[in-house]
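An overview of the molecular structure
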Amino acid sequence: MTSMTGYAYTEKTNEKAQISVELKSVNSRFLDLSINLPPFLNPLESFFRSLVSEKITRGKVDVYIKVRELQSSNVVVADTQAAVSYMEALKKISEACGYEKEVPLSLIVSQPGVLNITSGYDVELYKEMILPVFNESLDKYLADCVREGANLSEDLFRKLSKLDECAECFAKWQPEMESHFKEMILSKFKELLGDQVDENRVMTETAALVVKYTINEEIVRLKSHLKAMRQEMTDNPYPGKKLDFLCQEINREINTIGSKNQSAEVGAMVITAKDSIENIREQAKNVA
């Protein structure tokens, strides 16, 4: 079991650049991945996106890859034809205005297009430099998610055990329901009729209440859902979505048991069960 929340940061420096990779994530129903690269490395976005998608299934994940060059790769190119054109145009303006001084070179050089700066970035070279740093940071991030996932797992199993206790309490009370209803109905009849109680009428009324308030089916389904939840948390490395569904089903059975309840003991356990399943549902939102 892994958590959807995690963080990692790695920074390395070589003779050409300082490279840092940061990963952080929060909860999300699906995988919401954002790769942030320097503009000149945008062609590598799909590559790093695929590496993350192979390892992470859910969560809002932000990846920041930063590169600070220690050696400039910029190349300055002079457009001499543009410079000559500017010179001739400026001379004509000078003559027309009666300006007798020479046109300064700085004015010509400052004109657009005379000097052009091009970046000689080798994207594949930067990819090879970034990849080890990226992999190290990704491994740290995944380890952080696993560490947090272990804490979540411990808490979820503890709450699941509490639900198992509640289910056993419901199952224990179920066979006592008939005698409870029979005593209640018999007491009411004796209040009204004294000793002239019709036993058949008592049994008929008891049977009607048992049929109306039986929770046997709910208990069977509840135990089945609890077993499925335990199996998901044990066997599935990414049980988050299934846990959310099972929480809904378990909550439905507990609500039904609560609506049929005729016992103070069961009522107390219904409250405990609802509290436990709500806590599990909240924690499951953090599980990948």
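Cut-offs used in this document
- Residues numbered from 1 in each chain as written.
- Predicted model: local features only at pLDDT ≥ 70, side-chain atom pairs only at ≥ 80, totals over all residues.
- Heavy atoms only, no water.
- Helix = DSSP H or I, 4+ residues; strand = E, 2+ residues; numbered from the N terminus.
- Buried < 20%, exposed > 50% of the residue type's maximum accessible area, 1.4 Å probe, protein only.
- Contact = heavy atoms within 4.5 Å.
- Salt bridge = Lys/Arg side-chain N within 4 Å of Asp/Glu carboxyl O.
- Core = buried A, V, L, I, M, F, W, Y, C linked by side-chain atoms within 4.5 Å.
- Pairing = 2+ DSSP bridges.
- Patch = residues over 30% accessible without salt bridge, like charges linked within 9 Å, V, L, I, M, F, W, Y side chains within 5 Å.
- Areas by Shrake-Rupley, 256 points an atom, 1.4 Å probe, with all protein chains shown as cover.
- Phe/Tyr/Trp six-rings, centres within 6.5 Å; stacked < 30°, edge-to-face > 60°.
- Lys NZ or Arg CZ within 6 Å of the ring centre and 35° of its normal.
- Right-handed = clockwise from strand over helix to strand, strands pointing away.
- Polar contact = N/O pair within 3.5 Å; in protein donor to acceptor, adjacent residues only side chain to side chain.

1. Thoughts on the environment of Y7
- The topology assignment puts Y7 in strand β1 (residues 6-13).
- On the accessibility criterion, Y7 (41% relative accessible area) is partly exposed.
- When the C-alpha positions of Y7 and Y141 are compared, they lie 5.3 Å apart, and in sequence the two are 134 residues distant.
- Setting aside chain neighbours within four positions, we find Y7 in contact with E22, L23, K24, Y141 and D144.

2. Digging into the pattern of salt bridges
- The final tally for this structure, using the stated rule, is 19 salt bridges.
- Between D144 and R147 there is a salt bridge, with the nearest N and O atoms lying 2.7 Å from each other. Highlighted residues: D144 and R147, both in helix α4 (residues 123-173), separated by 3 residues, approximately one helical turn.
- Note that K159 is salt-bridged to D155, the shortest N-O span being 2.7 Å.

3. Quick word on the nonpolar core
- Counting residues in hydrophobic clusters, the biggest one holds 28 residues, and the most contacted among them are L163, F170, L222, M229, I254 and I277.
- Going through the elements one at a time, α4, α7 (216-235), α8 (240-260) and α9 (264-284) are the ones with two or more residues in this core.
- Take this core: its biggest share by element is 8 residues, from α4.
- Contact partners of L163, with chain neighbours within four places excluded, come to L226, I254, A273, S276, I277 and I280.

4. Some thoughts on the pairing of β1
- By the bridge criterion, 8 bridges tie β1 to strand β2 (residues 17-26) in an arrangement that is antiparallel. Among the inter-strand pairings, Y7 is bridged to a residue of β2, identified as K24.
- A loop of 3 residues connects β1 with β2, the two strands running antiparallel in sequence.

5. Remarks on a nonpolar patch on the surface
- A surface patch of nonpolar side chains, about 370 Å² in accessible area, is lined by V76, L105, V109 and L115.
- Mapped onto the elements, V109 comes out in helix α3 (residues 105-109).

6. Observations concerning the packing of aromatic side chains
- Under the criterion given, the structure shown has 3 aromatic pairs.
- On the basis of an interplanar angle of 75° and a centroid distance of 5.2 Å, the ring pair of F47 and F48 is categorised as edge-to-face.
- With a relative accessible area of 24%, F47 lands in the partly exposed category.
- A relative accessible area of 0% places F48 in the buried class.
- With 4.8 Å between their ring centres and 50° between their planes, F48 and F134 make a pair best called tilted. Pair noted here: F48 is in helix α1 (residues 45-55) and F134 is in helix α4, with a separation of 86 residues, a long-range link. F134 matches F48 in its accessibility class, with the two residues each being buried.
- Counting every residue linked through ring pairs, the aromatic cluster contains F47, F48 and F134.
- Sitting over the ring of F47, K127 keeps its end group 4.0 Å from the ring centre.

7. Considering the pairing of strand β4 (residues 59-69)
- Where β2 lies against β4, 10 bridges are found, and the strand directions are antiparallel. The partner of Q18 across the bridge, within β4, is R68.
- Summarising the sheet, strand β3 (residues 31-36) and β4 pair through 6 bridges and their orientation is parallel. If you follow S34 over to β4, its bridge partner there is D62.
- The parallel pair β3 and β4, bridged by α1, forms a crossover whose chirality is left-handed.

8. Some thoughts on the environment of K285
- Along the polypeptide, K285 turns up in the segment after α9.
- Between the alpha carbons of K285 and K241 there is a distance of 8.4 Å; along the sequence they are 44 residues apart.
- Non-local contacts of K285, meaning those with residues more than four positions away in its chain, are made with M4 and N27.
- Within the local environment of K285, its side chain forms a polar contact with the side chain of E282, the two groups lying 3.3 Å apart.

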